[in-house]
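Residue-level structural notes
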Amino acid sequence: MAADLTYYTIDDLRLGQRRSDGPGWRLMEFTRCSEAFRDYRSLGVENIKVLGVTNGIQALDLVRCVPVFSEHKACEDVLVMDYKNLPFWHKNPMVKQLAEECVEAFQIRYGLHEFALFPLRHKPEKRLAKKNFRLLNVEGSSSPIRWIYVSGVGWLSPQEFRAIGEKVFSIRRR
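Residues numbered from 1 in each chain as written. Predicted model: local features only at pLDDT ≥ 70, side-chain atom pairs only at ≥ 80, totals over all residues. Heavy atoms only, no water.

1. Brief notes about the overall build of the protein
Just so we agree on the cut-off: Secondary structure elements follow DSSP: runs of H or I no shorter than four residues count as helices, runs of E no shorter than two count as strands, and numbering proceeds from the N terminus. Between two residues, a contact is recorded if the distance between any of their heavy atoms is within 4.5 Å.
Check the secondary structure of the protein and you find four helices and nine strands. Moving toward the C terminus, one meets the helices and strands of the protein in the order β-β-α-β-β-β-α-α-β-β-β-β-α. If you take every contact in the protein between residues at least 6 apart in sequence, the share linking residues at least 24 apart comes to 49%.

2. Section: helix α3 (residues 93–105)
For clarity, the cut-off: The span you would expect from a helix comes to 1.5 Å times its residue count less one. To sort residues, take the accessible area from a 1.4 Å probe on protein chains only and compare it with the maximum for the residue type: under 20% means buried, over 50% means exposed, and anything in between is partly exposed. Taken from the helix axis, the directions to the C-beta atoms give the arc we talk about. Pairing of N or O atoms within 3.5 Å defines a polar contact, subject to two protein rules: one partner must be a possible hydrogen donor and the other a possible acceptor, and residues neighboring in sequence count only if both atoms are side-chain atoms.
Spanning 13 residues, α3 covers 18 Å between terminal C-alpha atoms, matching the ideal 18 Å at 1.5 Å per step. For α3, the set of buried residues is Val95, Leu98, Ala99 and Cys102. Each buried residue of α3 sits inside an arc of 105° when the element is viewed along its axis, so together they form one side. Relative to its buried face, α3 has exposed residues pointing more than 90 degrees away, namely Pro93 and Glu104. A side-chain oxygen of the first residue of α3 lies 2.9 Å from the backbone nitrogen of Met94; this N-cap is Asn92. Two residues or fewer after α3 comes Gln107, characterised by a positive phi angle close to 50°.

3. What about the sheet that holds strand β3 (residues 50–54)?
Short version of the rule: At least two DSSP bridges between two strands are required for those strands to pair. All axes here are fitted lines through C-alpha atoms, helices being fitted over the stretch that makes contact, and every angle between N-to-C directions spans 0 to 180 degrees.
Taken in spatial order, the seven strands of this open sheet run β2-β1-β3-β4-β5-β6-β7, and their pairing is mixed. Looking at which strands have only one partner, the edges of the open sheet turn out to be β2 (27–30) and β7 (116–119). Each adjacent strand pair in this sheet contributes to an overall mean axis angle of 30°, direction not counted. Strand direction decides the pairing type here: strand β1 (residues 6–10) and β2, joined by four bridges, are antiparallel.

4. Observations regarding helix α1 (residues 33–42)
Listed as buried for α1 are Cys33, Ala36, Phe37, Asp39 and Tyr40. Down the axis, α1 shows its buried residues gathered within 165° of arc, on one side only. What points out from α1, more than 90 degrees from its buried face, is the exposed set Arg38 and Ser42. Considering only its buried residues, α1 is in contact with β1, β2, β3, β4 (59–66), β5 (76–80) and α3.

5. Brief notes about the packing of α1 against α3
As a reminder, the rule being used: Under this scheme an angle from 65 to 115 degrees is roughly perpendicular, one under 35 degrees roughly parallel, and one over 145 degrees roughly antiparallel; angles in between are oblique. Left-handed describes a crossing whose near helix is turned anticlockwise from the far helix by less than a right angle; the clockwise case is right-handed.
One way to put it is that α1 packs onto α3 with a least axis distance of 12 Å and a crossing angle of 40°. Looking at the two axes, α1 sits oblique to α3. Read as a crossing pair, α1 and α3 show a hand that is right-handed. In this structure, α1 uses Cys33, Phe37 and Arg41 to contact α3, whose residues at the interface are Leu98, Glu101, Cys102 and Ala105.

6. Description of unusual backbone geometry
Despite not being glycine, Gln107 shows a phi value in the positive range, around 50°. Mapped onto the elements, Gln107 comes out in the loop between α3 and β6 (110–113).

7. Section: the confidence of the model for the protein
Using the following cut-off: Per residue, pLDDT captures the predictor's confidence, and it can take any value from 0 to 100.
Chain-level statistics for the protein give a pLDDT mean of 77 and a share of 71% at 70 or above. Ignoring residues within four places in sequence, the model shows residues 124–139, a span with pLDDT below 50, making 17 contacts including any to other chains.

8. Focus: the packing of aromatic side chains
Selection rule: Pairing of aromatic side chains here covers Phe, Tyr and the six-membered ring of Trp, requires ring centres within 6.5 Å, and sorts the geometry by plane angle: under 30 degrees stacked, over 60 edge-to-face, intermediate tilted. Counted as over-ring charges are cases with an Arg CZ or a Lys NZ within 6 Å of the ring centre that also lie within 35 degrees of the ring normal.
Counted according to the given criterion, the structure contains three aromatic pairs. On the basis of an interplanar angle of 50° and a centroid distance of 5.0 Å, the ring pair of Phe37 and Phe106 is categorised as tilted. Here the residue Phe37 occupies a position in helix α1, and Phe106 occupies one in the loop between α3 and β6, the gap between them amounting to 69 residues. With relative accessibility at 10%, the residue Phe106 sits in the buried group. Taking the centre distance of 5.1 Å and the plane angle of 80° together, the rings of Phe88 and Trp89 count as edge-to-face. For Phe88, a relative accessible area of 35% gives the class partly exposed. One aromatic cluster is present, built from ring pairs that chain together Phe37, Tyr40 and Phe106. When the ring centre of Tyr40 is taken as origin, the NZ or CZ atom of Lys49, which lies over that ring, is 4.4 Å away.

Dropping the structure here:
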């Protein structure tokens, strides 16, 4: 079954499907996962791009680059969770493994189910379990805190958390 799978990328869904009389998005097919990953990475971060898998009959989007915050122009890679609801893909162990590889390779923080984003749970690193936690605002600290969950926003890196905090405090001062 694994030999029957091929991979694809789409450069920007906002362009619409390509027609003979005009421009549209570009679909590229690959026989190797590494080639598809390389092509996906080469596409711009402001594009609503897609990485998926197909068996020649059915296609499944696995990763999509979407704007997570409305004020951001750049998009973020999210894991498309459709494969869990589709029996054909859900039963295929290669798809689950590929989804896990995508999360690792693209450092995915969010899952996309229908039109809702939700934070993916990350496994805590064992080597950090016994370390002391340090304050996030200390310059040069090697804080073991990698993600902060903010209600209504989702999982943020400490840098994003600080940036949002600075933006909120500057608005309140006005």
